[in-house]
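Here is what each chain is made of, one letter per residue.
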Amino acid sequence: MSHLQAENLYNIRGLVAVITGGGSGLGRTMALTLATNGAAKVFILGRREDALNETVAQFQATNPSTKDTGAETNIIIPIVTDVTSQASLEAAYAAISAQTTHVDLLLVNSGILGPPAKIVDNPDGSKPSIAEVKDYLWSIPMEDFTRVFEVNTTGAYYTAIAFLPLLDAANKRRVAPQKNVLSSPLAQIVITSSIAGYSRRVPFDFAYNLSKASVNHLVKVLSTSLTDYNIRVNGIAPGLYYSEMSAGPNFEEGNTGVSDGSFPTSMIPMTRAGGEEDIAGLVLWIAGPSGGYINGNILVTDGGRLSVLQSSY
Ligand SMILES: NC(=O)c1ccc[n+]([C@@H]2O[C@H](COP(=O)([O-])OP(=O)(O)OC[C@H]3O[C@@H](n4cnc5c(N)ncnc54)[C@H](OP(=O)(O)O)[C@@H]3O)[C@@H](O)[C@H]2O)c1
C-alpha cells in the first residue's frame with residue numbers, strides 16, 4: 001500500500017481516545033467516527049448516563065459484526081462525569097487508567113450555550129433604548145453567566161490538565177525515529193471552540209462568545225505550554241451544526257439543515273448546516289497520520305458563516 005493512500009493517511013487503528021460530551025451532538029459523532037474506523041477504545045464522558053449509553057447503542061446498531069464477535073462490543077465506554085468538578089474528573093481519570101495504559105487523543109468537547117442574551121430591534125426597526133439594554137442584560141443572574149465559563153472554559157481547562165499523564169504515556173509508546181520515515185502523531189488534545197469565539201458582532205450574546213474566545217486562547221496557551229512535553233493542542237471552531245444545543249430557533253422541526261438551500265447566504269454562504277460527515281472527516285484527519293503536523297491550530301468548519309456573521313441578525 002502506498003503511504004499516500006487514504007487508508008494510511010487516516011489510519012487510526014488502535015487509537016485510544018477520550019471525548020467529553022460524547023453522549024450527544026458533535027461528541028457522539030466524534031465517538032462513532034473513531035470507533036467505526038478502528039479505534040481500540042473510546043471513553044465518552046458526560047453527566048447523563050442514558051445519553052452516553054445511547055451512543056454505545058448506536059455504535060452497536062450500526063456495527064452488527066461487533067455484536068457477533070463479542071470482544072469488540074466495548075470499544076465505546078461510558079463514564080459519567082461532570083467536567084465542572086475536579087473530583088468527578090479525577091474519578092473519570094482513575095476509571096480510565098484502570099482500563100488503558102495511555103490516551104492518544106483527548107477531545108475536550110463539552111459545552112453549554114447559557115443565557116440567551118440577544119437584544120433585537122423593535123418591530124418598527126428602531127433600537128431598544130439604553131435603559132432597556134441595561135435592564136435586559138442586568139436581568140441575567142451573574143451565576144447564569146458564570147456557569148457558562150464553568151463548563152466551557154474552566155471545565156475545558158481542568159479536563160485537559162486531568163489527562164496529561166495518560167497523554168504523556170501515549171508519547172512514551174512511540175517507536176524511535178527512523179531516518180526518512182514519518183514519525184507517528186504525538187499525543188493530542190483537541191478542544192471544541194466555536195466561531196462565536198471569533199465574532200465580535202453577535203449582539204449581546206456575551207457569556208457564550210466570551211467563553212469561547214477564552215477557549216481559543218486556551219488552545220494557544222496550552223499548546224505553547226506543552227511543547228516541552230510533546231503534547232499537541234488544537235481546536236475545532238464549528239459554525240452551525242444540528243444538535244441539542246443548536247436545535248430550536250435555528251432549525252425547523254425534523255430538519256437538520258444539511259442540504260443546500262436550507263439557510264440564506266446572508267447567514268451561511270454555503271446555505272447549509274454542517275453534517276455528521278463534515279465533523280467526522282475533520283476528526284479523522286486531525287486524529288490520523290495526515291493530521292500529525294497540526295499544532296496550536298484552530299480549525300474553522302462553518303461553511304463560511306464567520307465571514308458574514310454580523311449580518312445574520
Ligand atoms: N452545534 C453547533 O452548532 C456548535 C457550534 C459551535 C460550537 N459548538 C460546540 O460543540 C460542542 C458540542 O456541542 P453540541 O452542539 O454537540 O451540543 P450538545 O449536543 O448539547 O452537546 C453538549 C455536550 O456537553 C455535555 N456537557 C454539558 N455540561 C457538561 C458538564 N458539566 N460535564 C460534562 N459534560 C457536559 C453534555 O452532556 P451532559 O448534558 O450529559 O453532561 C452534551 O453531551 C460544545 O462545546 C459547543 O459549544 C457547537
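Residues numbered from 1 in each chain as written. Predicted model: local features only at pLDDT ≥ 70, side-chain atom pairs only at ≥ 80, totals over all residues. Heavy atoms only, no water.

**Brief notes about the overall build of the protein**
So, point 1. Along the backbone of the protein there are ten helices and seven strands.
So, point 2. Against the 2.2 N^0.38 benchmark of 20 Å for 313 residues, the protein shows a C-alpha radius of gyration of 20 Å, consistent with a compact globule.
So, point 3. Seen through its principal axes, the protein has C-alpha atoms that stretch 65 × 40 × 40 Å.
So, point 4. Sequence separation of at least 24 residues holds for 72% of the intrachain contacts in the protein that already meet a minimum separation of 6.
So, point 5. Only carbon and sulfur atoms are counted for the fraction: they give 55% of the accessible area of the protein, which is about 15900 Å².
So, point 6. Taking the average place of the 21 positive charges on the side chains of the protein and the average place of its 27 negative ones, the gap between the two points comes to 8 Å. (Helix = DSSP H or I, 4+ residues; strand = E, 2+ residues; numbered from the N terminus. Rg over C-alpha atoms; globule rule 2.2 N^0.38 Å. Contact = heavy atoms within 4.5 Å. Areas by Shrake-Rupley, 256 points an atom, 1.4 Å probe, with all protein chains shown as cover. Lys, Arg positive; Asp, Glu negative; His and termini not counted. Charge placed at Lys NZ, Arg CZ, Asp CG, Glu CD.)

**Observations concerning the site of the ligand**
So, point 1. Close to the ligand lie 30 residues, the nearest being Ser24, Arg47, Arg48, Tyr208 and Ser243.
So, point 2. One of the backbone N or O atoms of Gly111 is found 3.3 Å from an oxygen atom in the ligand.
So, point 3. Within the backbone of Tyr241, a nitrogen or oxygen atom sits 2.8 Å from an oxygen atom of the ligand.
So, point 4. For the ligand, whose free accessible area comes to 880 Å², the fraction covered by protein is 95%.
So, point 5. Among the elements of the structure, helix H2 (25-36), helix H7 (142-162) and helix H9 (206-225) are those that each provide at least two residues to the shell around the ligand.
So, point 6. Taken together, the residues that form the shell around the ligand break down as nine nonpolar, 15 polar and six charged. (Near = heavy atom within 4 Å. Polar contact = N/O pair within 3.5 Å; in protein donor to acceptor, adjacent residues only side chain to side chain. Nonpolar A, V, L, I, M, F, W, Y, C, P; charged D, E, K, R; others polar.)

**Overview of the packing of H7 against H9**
So, point 1. Two elements in contact, H7 and H9, have axes whose closest approach is 8 Å; the angle formed by their N-to-C orientations is 15 degrees. When the interaxial angle is binned, H7 and H9 end up roughly parallel. As for the relative orientation of H7 and H9, their crossing is right-handed in sense. Contact residues: H7 offers Phe145, Val148, Phe149, Asn152, Thr153, Ala156, Tyr157, Ala160 and Ile161, while H9 offers Phe206, Ala207, Tyr208, Leu210, Ser211, Lys212, Ser214, Val215, Leu218 and Leu222.
So, point 2. Considering only residue class, the contact of H7 with H9 consists of 14 nonpolar, four polar and one charged. (Axes fitted to C-alpha atoms, helices over the stretch in contact; angles between N-to-C directions. Parallel < 35°, antiparallel > 145°, perpendicular 65-115°, else oblique. Left-handed = near helix turned anticlockwise from the far one by under 90°.)

**Let's talk about the sheet that holds strand E5 (residues 188-192)**
So, point 1. Spatially, E3-E2-E1-E4-E5-E6-E7 is the arrangement adopted by the seven strands of the open sheet, whose pairing is parallel. Each edge of the sheet is formed by a strand with only one pairing partner; in this case those strands are strand E3 (76-80) and strand E7 (298-301). For this sheet, the mean inter-axis angle between neighbouring strands, taken without regard to orientation, is 20 degrees.
So, point 2. Note: strand E6 (residues 232-238) against E7, four bridges, orientation parallel. Of the residues in E7, the one forming a bridge with Gly235 is Ile298.
So, point 3. In this fold helix H5 (residues 86-97) packs onto strand E1 (16-20), strand E2 (41-46) and E3, with an angle of close to 150 degrees to the strand it touches most, E3. (Pairing = 2+ DSSP bridges.)

**Here's the deal with the side chain of Asn109**
So, point 1. Within the element layout of this structure, Asn109 appears in the loop between strand E4 (105-108) and helix H6 (130-138).
So, point 2. For Asn109, a relative accessible area of 10% gives the class buried.
So, point 3. Excluding its chain neighbours within four sequence positions, the residues that come into contact with Asn109 are Thr20, Gly21, Leu26, Gly27, Met30 and Thr192. (Buried < 20%, exposed > 50% of the residue type's maximum accessible area, 1.4 Å probe, protein only.)

**Some words on the packing of aromatic side chains**
So, point 1. Counted according to the given criterion, the structure contains five aromatic pairs.
So, point 2. Their ring planes at 25 degrees and their centres at 5.8 Å tell us that Phe145 and Phe149 sit as a pair that is stacked. With a gap of four residues between them, Phe145 and Phe149 both fall in helix H7, about one helical turn apart.
So, point 3. Taking 5.7 Å as the distance between ring centres and 90 degrees as the angle between the ring planes, the aromatic pair formed by Phe251 and Phe263 counts as edge-to-face. With Phe251 in the loop between E6 and helix H10 (276-287) and Phe263 in the loop between E6 and H10, the pair connects residues that are twelve residues apart, well separated along the chain. Neither residue differs from the other here; Phe251 and Phe263 are each classed as buried.
So, point 4. The positively charged end of Lys134 is found above the aromatic ring belonging to Trp138, 5.0 Å away from the centroid. (Phe/Tyr/Trp six-rings, centres within 6.5 Å; stacked < 30°, edge-to-face > 60°. Lys NZ or Arg CZ within 6 Å of the ring centre and 35° of its normal.)

Functional significance is not addressed by these values, which are geometric in nature.
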